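For reference, the chains in residue letters:
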Amino acid sequence: MKKIINPVKGTRDFYPQDKFVNSWLYQNIREVSESFGYQEFDGPFLESIDLYAAKSGEELVKEQSFVFPDKSGNLIALRPELTPSLVRMIAQQQQQLYYPLRWWSFGPFWRYESPQKGRGREFFQWNADLVGVDSPQADAEMAALMAEFFKKIGLSSVQVKVFVNNRRLMEGELSKLDISPDKQGKVFRLIDRRGKLSDKEWGAYALEIGLDSKQFDGIKTLLNSENLWKESKELVQFFSAVDALGVKDYVEFSPRIIRGLDYYTGTVFEALALSTDVRRSVSGGGRYDNLLAAVGGDPLPGVGFAMGDMVITVVLEELGLFPENRGSSPAKVLVTVFDKESQMASYQLSVELRQAGLKVYSYPTPDKLGKQFRHADRIGAAIAIILGPDEIANQQVAIKDLKTREQKTVKRAEAAAVIQGILDTDHGA
RNA sequence: GCGAGCGUAGCUCAGUCGGUAGAGUGCUGCACUGUGGAUGCAGUUGUCGCGGGUUCAAGUCCCGUCGCUCGCCCCA
């Protein structure tokens, strides 16, 4: 076996068919984001470690970030998430920006975790944030943006669902059970782990954090209260807006959604794929009204979410929802080379066709026509052009439709138009 | 960090009780010298991850090691 240096653990090679998927996601994300009026932005891939120390969870910085010293000894991190950069960028120009901000981004992030299905150390993430508005309607817009993306890429509301909860509502409910605010963080963690532990383990965990049986029963009741959202003015308005935005089917209340990050203050949401055995969340987000103040800016409310590319890719693959033609050449026209003498003539024809706006693949060497047709098939071309001695002598070209096997000889000047006609017909059929 | 599984041809994998390294696919050629996908025939492909041990004999058993995958933890 040849000696090939291994790729870095947790990274992916984007072969053309993989990059096609990546670009396809990017394209859909862009279209959906822009349809809601969001502007694309980006932060640097390298940030000072201090940026994250200020705000992100301890574990994310200390355990899960790629950190290295630069030549002057400053600690630099490969960005593990975007929100701190976003917040810094806003704080830097806080007085000049016009609010609300609707910003989106799609780019690479790095986390030092053990790679497995749907998770790597280098991944892409879609971020969308709505900053400067503190309203349930703004939260609903975020949920709608998420839902419209799912709809666009072919995921139905049966296959994927955005589950929503509200931290303030839950805090109120916990207080009713005489759970003091300082203990609520632990209880949130308990709720977060409901689906991951067995009943027995979960009960033991509840005892461990010091809940009495009455409180424990109260929490169990809470987690099954599907209509609890009606107690929250915020959520009532939220769902009314979701309804108006036309994505009611995709969005559902769940008292079990809590989210790991500490900085969420109100509405939290998380999308899960229901029809596959992918148990990871597809995307997640929430309202963070204290974040800007926390990094030294003036107080400014915000709501946002992130979606990693790896889980959604697994989901789409399992459901067979990717477009068929990934891996094929972008050129739908292949110009054959009849023999050595006519090769330059074939090249000239390729140039003419490109100038007419077609994507054209020039076969690189003279070869048997049969082999060239086979090659055309393999790369996904729809049409092959033959320029032999007869055609050259008569100022013609032969155009072969590879699908129907039909071939016609036309005047060279008309070739581009005829080809375009065939491509349009194939496309429509 | 913890646990499990897997490393054999370019790719997907089989390999029984330890006894000469296999299949499919791909690729090349021919049937087919201006017309492809099908079919047939022929050819091509190996440090069995690496190192050690047991044995007359190891792809196979044992130990170690590296790599990958999948869980847990955490998250997207």
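Computed from a predicted structure; not experimentally measured. (Residues numbered from 1 in each chain as written. Chains lettered and ligands numbered in written order. Predicted model: local features only at pLDDT ≥ 70, side-chain atom pairs only at ≥ 80, totals over all residues. Heavy atoms only, no water.)

**Q** Would you explain the environment of Leu25 in this entry?
**A** Along the polypeptide, Leu25 turns up in helix α1 (residues 16-35). Along the chain, Leu25 and Ser72 lie 47 residues apart, while their C-alpha atoms are 39 Å from each other. In this structure Leu25 touches Phe149, Asp309, Ile312, Thr313 and Leu316, once residues within four positions along its chain are discounted. (Helix = DSSP H or I, 4+ residues; strand = E, 2+ residues; numbered from the N terminus. Contact = heavy atoms within 4.5 Å.)

**Q** When you look at the pattern of salt bridges in this model, what are you seeing that I'm missing?
**A** Between side chains of opposite charge, pairing is possible as soon as their charged atoms come close. As enumerated under the stated definition, the model contains 20 salt bridges in all. A salt bridge links Glu34 to Arg30; its shortest N-O distance comes to 3.0 Å. Linking Glu34 with Arg30, this pair stays in helix α1, spanning four residues, or about one helical turn. The exposure class of Arg30 is partly exposed, given its relative accessible area of 23%. Look at the salt bridges and you will find they share partners, linking Asp134, Asp139, Arg287 and Asp289 into a network. (Salt bridge = Lys/Arg side-chain N within 4 Å of Asp/Glu carboxyl O. Buried < 20%, exposed > 50% of the residue type's maximum accessible area, 1.4 Å probe, protein only.)

**Q** Just to check I follow, could you spell out the pairing of strand β3 (residues 66-69) for this structure?
**A** As paired strands, β3 and strand β4 (residues 75-78) are joined by four bridges and run antiparallel to one another. Within β4, the residue paired with Val67 across the bridge is Ala77. The hairpin turn running from β3 into β4, its antiparallel successor, is five residues long, and Gly73 in that turn takes a positive phi close to 90°. (Pairing = 2+ DSSP bridges.)

**Q** Quick question: what am I supposed to make of a nonpolar patch on the surface here?
**A** Together, Phe45, Leu46 and Phe68 give the surface a local cluster of nonpolar side chains, amounting to about 260 Å² of exposed area. As for its placement among the helices and strands, Phe45 is situated in the loop between β1 (39-40) and β2 (46-48). Phe45 sits in the partly exposed class, given a relative accessible area of 37%. (Patch = residues over 30% accessible without salt bridge, like charges linked within 9 Å, V, L, I, M, F, W, Y side chains within 5 Å. Areas by Shrake-Rupley, 256 points an atom, 1.4 Å probe, with all protein chains shown as cover.)

**Q** Hey, could you run me through the sheet that holds β4 in this one?
**A** Strand pairs in the sheet, formed through backbone hydrogen bonds, run parallel or antiparallel to each other. Sheet architecture is open: three strands sit in the order β2-β4-β3, paired in antiparallel fashion. In this open sheet, the two strands that pair with only one neighbour each are β2 and β3. Strand after strand, the sheet turns through a mean of 35° between neighbouring axes, direction not considered. (Axes fitted to C-alpha atoms, helices over the stretch in contact; angles between N-to-C directions.)

**Q** When you look at helix α10 (residues 233-244) in this model, what are you seeing that I'm missing?
**A** Between its terminal C-alpha atoms α10 stretches 17 Å, which fits the 16 Å expected from twelve residues at 1.5 Å a residue. Where α10 is buried, its residues touch α5 (136-152), β7 (160-166), α6 (167-176), β8 (251-253) and β9 (267-273). The positive-phi residue at the C-terminal boundary of α10 is Gly246, with phi of around 80°. (Expected span 1.5 Å × (residues − 1).)

**Q** Just to check I follow, could you spell out the sheet that holds β9 for this structure?
**A** A sheet is described by the order of its strands in space; here eight strands give the open sequence β1-β5-β6-β11-β10-β9-β7-β8, paired in mixed fashion. Edge positions in the open sheet fall to β1 and β8, since each of these has one partner strand only. In terms of strand pairing, β1 meets strand β5 (residues 101-110) through two bridges, oriented parallel. Of the residues in β5, the one forming a bridge with Glu40 is Trp104. α5 rests against β5, β6 (122-131), β7, β8, β9, β10 (281-287) and β11 (302-308) of the sheet, and its axis sits at about 20° to β11. Sheet strands touched by α10: β7, β8 and β9. Its angle to β8, the strand with the most contacts, is close to 160°.

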